[in-house]
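Residue-level structural notes
This is what each chain is made of:
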Amino acid sequence: MPRIIKSGLIQMSLPMTEGEGTMEEIKEAMIQKHIPLIEEAGEKGVQILCLQEIFSTPYFCPGQNSAWYASAESVPGPTTDRMAEYAKKYKMVMIVPVYEKEQAGVLYNTAAVMNADGTYLGKYRKNHIPHTSGFWEKFFFKPGNLGYPVFQTMYAKVGVYICYDRHFPDGARCLGLNGAEIVYNPSATVAGLSQYLWKLEQPAHAAANGYFMGCINRVGEEKPWNLGRFYGSSYFVDPRGQIFATASEDKDELLISEFDLDMIDEVRSVWQFFRDRRPETYGKLVEL
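Before going into details, it helps to say that this report is about the structure given with it.

Basis of the calculations
Residues numbered from 1 in each chain as written. Predicted model: local features only at pLDDT ≥ 70, side-chain atom pairs only at ≥ 80, totals over all residues. Heavy atoms only, no water. Core = buried A, V, L, I, M, F, W, Y, C linked by side-chain atoms within 4.5 Å. Buried < 20%, exposed > 50% of the residue type's maximum accessible area, 1.4 Å probe, protein only. Helix = DSSP H or I, 4+ residues; strand = E, 2+ residues; numbered from the N terminus. Contact = heavy atoms within 4.5 Å. Phe/Tyr/Trp six-rings, centres within 6.5 Å; stacked < 30°, edge-to-face > 60°. Salt bridge = Lys/Arg side-chain N within 4 Å of Asp/Glu carboxyl O.

This next bit is on the nonpolar core. Core analysis: the biggest nonpolar cluster contains 41 residues, and I48, I95, I182, Y184 and L261 have the highest contact counts within it. Broken down by element, the residue count for this core peaks at four residues, all from strand β11 (residues 212-217). Excluding anything up to four places from it in sequence, I95 contacts I48, L49, C50, L51, A111, A112, V113, V158, V160 and Y184. Counting residues in each nonpolar core, the second largest holds 26 residues, with F55, M83, M94 and L254 among its members.

For any pair of aromatic rings, geometry is given as the distance between the ring centres together with the angle between the planes. The full count for this structure, using the stated rule, is 21 aromatic pairs. Ring geometry for F212 against F244: centres 6.2 Å apart, planes inclined by 90°, an arrangement best described as edge-to-face. With F212 in strand β11 and F244 in strand β15 (residues 243-246), this pair connects stretches of sequence that are 32 residues apart. Residue classification places F212 among the buried positions, given a relative accessible area of 2%.

As a further point, take the environment of I256. Here I256 is to be found in strand β16 (residues 253-260). C-alpha separation for the pair I256 and I10, spaced 246 residues apart in sequence, amounts to 9.0 Å. Other than its neighbours up to four places away in sequence, I256 contacts K6, S7, G8, K44, V46 and F236.

Now for the pattern of salt bridges. Two side chains bearing opposite charge may form a pair once their charged atoms approach each other closely. In total, this model carries 19 salt bridges according to the counting rule given. In this structure, E39 and K89 form a salt bridge, with 4.0 Å as the shortest nitrogen-oxygen distance. Pair noted here: E39 is in helix α1 (residues 23-43) and K89 is in helix α2 (residues 78-90), with a separation of 50 residues, a long-range link. Judged by relative accessible area, E39 falls into the partly exposed class, the value being 25%. In this structure, E100 and K123 form a salt bridge, with 2.7 Å as the shortest nitrogen-oxygen distance. Residue E100 is located in strand β3 (residues 93-103), and its partner K123 is located in strand β5 (residues 120-125); the two are separated by 23 residues in the primary sequence. Across this residue pair, the class does not change: E100 and K123 are buried.

And the structure:
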């Protein structure tokens, strides 16, 4: 029997930003703006739903205001617990990216994975942290320390890569080797060089490793940072590297698509990504 998955991606602009309310009001406004689309996804039978990078706040990394440290929370914690209620209600796996506080002064860019019964399966912490061209992320995040986990959900084996990670093929390969069938990449990226790379790198990862990817980017401009326009264009790509569903560049949107996980077997029967690897020839590169 075909293994048909219905998956959804939510791209969203800010309803409130710095200077328009307290930090808690800004977070709550963003969560409330997401809830109708989360419920729509559940009502339409979405089985796996992914939200955008640090979905509940502005993407504050273009500044270096330590006040945003206070927006970080434990994982699992208040926001993931709220999302777990929707996961359980709709029997929908959810990938929930938030700003994580492990302990005082130890902060990560994290995505929690909630199973379709609302249970917390674990988390991925963004491994590659940029500090360039207005993305001053090392001011806010420690590099991840959990490797490249893959989560056995009720519907599929799911991995997570986050935004800047996509520039590095090594972790994408690790996710494939660890058994990922679908890799989700929640992002916050603006127009410019990255827009060209947006539809180049992730299809390349999907094709090089023989898995599906769901790639999410927020939309709109975020003041007072004015770094540029978040261009949306969230999409799904198959194990052949073909994009088969794409959202708009400028609208709040729930993108839903169905696809057959059996395509992974079909593609890997032609291209033996893992059988024909030669790790013994990569030693010096790995040692670097």
